Protein chains: 2
Amino acid sequence: MTKPAVVLLSGGLDSATCLAIARRDGFDPHAISFRYGQRHENELDCARRVADHLGVAKHVVVDINLGQFGGSALTSEIAVPKHDSIDQIDDAIPVTYVPARNTVFLSLALAWAETLDARDIYIGVNALDYSGYPDCRPAFIEQFQRLANLATKVGVESDDDAIKIHAPLIDLTKAEIIAQGLKLGVDYGLTLSCYDPADGQPCGHCDACLLRNKGFAENDLTDPSLAG
Amino acid sequence: MTKPAVVLLSGGLDSATCLAIARRDGFDPHAISFRYGQRHENELDCARRVADHLGVAKHVVVDINLGQFGGSALTSEIAVPKHDSIDQIDDAIPVTYVPARNTVFLSLALAWAETLDARDIYIGVNALDYSGYPDCRPAFIEQFQRLANLATKVGVESDDDAIKIHAPLIDLTKAEIIAQGLKLGVDYGLTLSCYDPADGQPCGHCDACLLRNKGFAENDLTDPSLAG
């Protein structure tokens, strides 16, 4: 029997690729998405389409209103920064950072994994072509895996590291992620990466759009989500 | 100006004591409670009364449906175990364990702390007179603190351990917790610890009731929540 794995699925390019990788690795993917007060709820439609397209055992959408805490351009009235070119993105943690987001998301993925008796969680964070969020770095992922093995019944009752947090994109450039996803049959036309879409269309100028466009350009491709 | 701290408040005896300790430590407490699909939603009424009684800057109740994952007697149709005496409680992790609950709760507390610019989080876990949950042990709390300092903007931009997870009850017996709370003016008649109350009254036979009763008995007191 195929082993279950929980896959965080946002509807963006990275998590779609990550889902395809979990399948390739031989797992039966259980996708989890979050309605967390984000401005761009379109991404949940994309998550559903990606889950249908790649195939999952189950897809749950968990409601958590991070917006009630405020503090991020993605969940409040703070404006999403826009740039004309990728060179204008600086190294500081941007206002689109959502406080403790990946900690919250991984915790909920862990809760579901434990009830499914799944030992494997996939998250599509990437530390190269990314927006500088602290909770996308390898040290954070390693630390969460340690925590998961102390926090849970399965972790405590098993040998070290019964639970694995897989972050298969963490060392890849956006171009490498796209190239890998295309090999695995991901239809990127179904995905949306923009922090501030209007009518489901990407703005083209936020960090996420600029990084995504660069990734397609480096593969000599045009972003298929802009095609139609 | 008094510094803010986020305090996890369940409506039970331990977290009420923990809130009183956070005040004594000089913090301005911001209480966070969770509607997580628990059977005993009465505890949220208790949390509100305790927050009013001890005084908090703000009290938020966060909805997260852990029940949709299943897997615990506290959030599903699995029966809560009952015993005639405390000697019948064994050392195994019981079915009242909610998968990854404290990881989820601390993650959300961390998200709020970061937006409040609070560096301190209080949690009333205790590893002596407790039900054997893995996420109540010192190793878990220490590991979560390490994670919090890697996961967040404030953690990354500051020196080591900018964020502190305070677990002031972790080494105390239930009797010691009650003695300390009484000194700090906690009205335990407002709290509810039972895993399976009926009409807001404790069952008297679940692990939580038996441990609580033992704590009052060791202080030569009767549980005030049973008085009325």
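Remember, it's a predicted structure, so these values are computed and weren't measured experimentally. (Residues numbered from 1 in each chain as written. Chains lettered and ligands numbered in written order. Predicted model: local features only at pLDDT ≥ 70, side-chain atom pairs only at ≥ 80, totals over all residues. Heavy atoms only, no water.)

### Some thoughts on the interface of chain B and chain A
Across the contact, 39 residues belong to chain B and 39 residues belong to chain A. Where chain B abuts chain A, roughly 3,300 Å² becomes buried across the two surfaces, and 71% of that area is made up of carbon and sulfur atoms. For chain B, the biggest contributors to the area lost against chain A are Phe69(B), Leu147(B) and Leu150(B); these three give 20% of the whole. For the interface between chain B and chain A, the tally reads 5 residue pairs in polar contact (both at pLDDT 80 or more). When contributions to the side of chain B that touches chain A are tallied by element, the ones reaching two or more residues are β3 (58-63), α3 (101-116), α4 (138-151) and α5 (153-157) of chain B. Of all the elements, α3(B) adds the most residues to the side of chain B that touches chain A, at 9 residues. (Contact = heavy atoms within 4.5 Å. Buried area = accessible area lost by both parts, 1.4 Å probe. Polar contact = N/O pair within 3.5 Å; in protein donor to acceptor, adjacent residues only side chain to side chain. Helix = DSSP H or I, 4+ residues; strand = E, 2+ residues; numbered from the N terminus.)

### Brief notes about the pairing of strand β2 (residues 28-35) of chain A
All names here are of chain A. In terms of burial, β2 is largely enclosed, as 6 of its 8 residues are buried. Of the pairings in the sheet, the one linking strand β1 (residues 4-8) to β2 comprises 5 bridges and is parallel in character. Of the residues in β2, the one forming a bridge with Val7 is Ala31. Since β1 and β2 lie parallel, the crossover through helix α1 (residues 13-24) that links them has a hand, and here it is right-handed. As paired elements, β2 and strand β3 (residues 58-63) share 6 bridges and run parallel to each other. Counterpart to Phe34 in the pairing with β3 is Val62. (Buried < 20%, exposed > 50% of the residue type's maximum accessible area, 1.4 Å probe, protein only. Pairing = 2+ DSSP bridges. Right-handed = clockwise from strand over helix to strand, strands pointing away.)

### Overview of the nonpolar core
Ile32(A), Leu108(A), Ile32(B) and Leu108(B) are the most contacted members of the largest nonpolar core, which has 98 residues in total. If we skip the residues at most four places from it in the chain, Ile32(B) touches Phe69(A), Val6(B), Val7(B), Leu8(B), Leu9(B), His59(B), Val60(B), Val62(B), Leu108(B), Ala109(B) and Trp112(B). (Core = buried A, V, L, I, M, F, W, Y, C linked by side-chain atoms within 4.5 Å.)

### Considerations on the relation of the copies chain B and chain A
With an RMSD of 0.0 Å, chain B superimposes on chain A once it is rotated by 180° and translated 0.0 Å along the axis. On this basis, the relationship between the two copies can be described by a two-fold rotation axis. A share of 100% of the interface residues of chain B reappears at the interface of chain A, consistent with the copies meeting face to face through the same patch. (Least-squares fit on C-alpha atoms with pLDDT ≥ 70 in both.)

### Considering the UniProt feature "binding site: Zn(2+)" (unreviewed entry) in chain A
Residues and elements named next belong to chain A. UniProt records the feature "binding site: Zn(2+)" (unreviewed entry) for Cys194, Cys203, Cys206 and Cys209 in the present numbering. In summary, the annotated positions, though distributed over 16 residues, converge in three dimensions, the widest C-alpha pair being only 7.1 Å. With respect to the helices, strands and loops of the structure, Cys194 is situated in the loop between α6 (174-183) and α7 (207-218). When sequence neighbours within four positions are dropped, the list of residues in contact with Cys194 reads His40, Pro202, Cys203, Cys206, Ala208 and Cys209. (UniProt positions renumbered as here; feature names shortened; annotations may be inferred.)

### Some remarks on the sheet that holds β1(A)
Residue and element names in this part refer to chain A. Read across the sheet, 5 strands follow the order β3-β2-β1-β4-β5 without closing on themselves; strand pairing throughout is parallel. Strands with a single pairing partner mark the edges of an open sheet, and in this sheet they are β3 and β5 (164-166). Sheet twist, expressed as the average angle between the axes of neighbouring strands with direction ignored, equals 25°. (Axes fitted to C-alpha atoms, helices over the stretch in contact; angles between N-to-C directions.)

### Notes on the pattern of salt bridges
Residues and elements named next belong to chain B. For the structure on display, the rule yields 14 salt bridges over all chains. The closest approach of N and O atoms between Asp63 and Arg35, which form a salt bridge, is 3.0 Å. Linking Asp63 in strand β3 with Arg35 in strand β2 (residues 28-35), this pair joins segments that are 28 residues apart in sequence. Look at Arg35 and you get partly exposed, because its relative accessible area is 25%. (Salt bridge = Lys/Arg side-chain N within 4 Å of Asp/Glu carboxyl O.)

### Regarding α3(B)
Residues and elements named next belong to chain B. Taking 1.5 Å of rise per residue, 16 residues should cover 22 Å, and α3 covers 23 Å from first to last C-alpha, within 8% of that figure. Most of α3 is tucked away, with 14 of its 16 residues classed as buried. Taken from the residues just after α3, Asp117 is the one with a positive phi, measuring 60°. (Expected span 1.5 Å × (residues − 1).)

### Comments concerning helix α1 (residues 13-24) of chain B
Note on helix geometry: an α-helix contains 3.6 residues per turn, so any two residues three or four positions apart are oriented the same way. Residue and element names in this part refer to chain B. With 12 residues, α1 ought to run about 16 Å at 1.5 Å a step, and its terminal C-alpha atoms sit 17 Å apart, in line with that. Across the 12 residues that make up α1, a large majority, 10, are buried. Turning to α1, its buried residues are Leu13, Asp14, Ser15, Ala16, Thr17, Cys18, Leu19, Ala20, Ile21 and Ala22. Those residues of α1 that are buried are in contact with β1 (4-8), β2, α2 (42-54), β4 (120-122), α6 (174-183) and α7 (207-218). Of the residues one or two after α1, Gly26 is the one with positive phi, at around 95°.

### Quick word on the UniProt feature "binding site: ATP" (unreviewed entry) in chain A
Residue and element names in this part refer to chain A. Under the UniProt annotation, the feature "binding site: ATP" (unreviewed entry) is placed at Leu9, Ser10, Gly11, Gly12, Leu13, Asp14, Ser15, Ala16, Thr17, Cys18 and Leu19. In this fold, Gly11 is placed in the loop between β1 and α1. Given the relative accessible area of 0%, Gly11 is considered buried. Once you skip the residues sitting within four places of it in the chain, Gly11 turns out to touch Glu43, Cys46, Ala47, Thr191 and Leu192. Here Cys18 falls in the buried class, since its relative accessible area comes to 0%. Those residues within four positions of Cys18 in sequence are excluded, and the remaining contacts are Val7, Tyr122, Ile123, Gly124 and Pro168.

### Some points on the sheet that holds β1(B)
Residues and elements named next belong to chain B. The strand order across the open sheet formed by 5 strands is β3-β2-β1-β4-β5, and the pairing between neighbours is parallel. In the strand order of this sheet, the two ends are held by β3 and β5 (164-166), each with one partner. Adjacent strand axes in the sheet meet at a mean angle of 25°, parallel and antiparallel pairs treated alike. By the bridge criterion, 3 bridges tie β4 to β5 in an arrangement that is parallel. The residue of β5 that forms the bridge with Tyr122 is His166.

### Quick notes on the packing of α1(B) against α6(B)
Residues and elements named next belong to chain B. Running from N to C, α1 and α6 cross one another at 45°; their axes reach a closest spacing of 9 Å. In terms of their interaxial angle, α1 and α6 are classed as oblique. The chirality of how α1 crosses α6 is left-handed. On α6, the residues touching Leu13, Asp14, Thr17, Ile21 and Arg24 of α1 are Lys174, Ile177, Ile178, Gln180 and Gly181. Residues belonging to the contact of α1 with α6 are distributed by class as follows: 4 nonpolar, 3 polar and 3 charged. (Parallel < 35°, antiparallel > 145°, perpendicular 65-115°, else oblique. Left-handed = near helix turned anticlockwise from the far one by under 90°. Nonpolar A, V, L, I, M, F, W, Y, C, P; charged D, E, K, R; others polar.)

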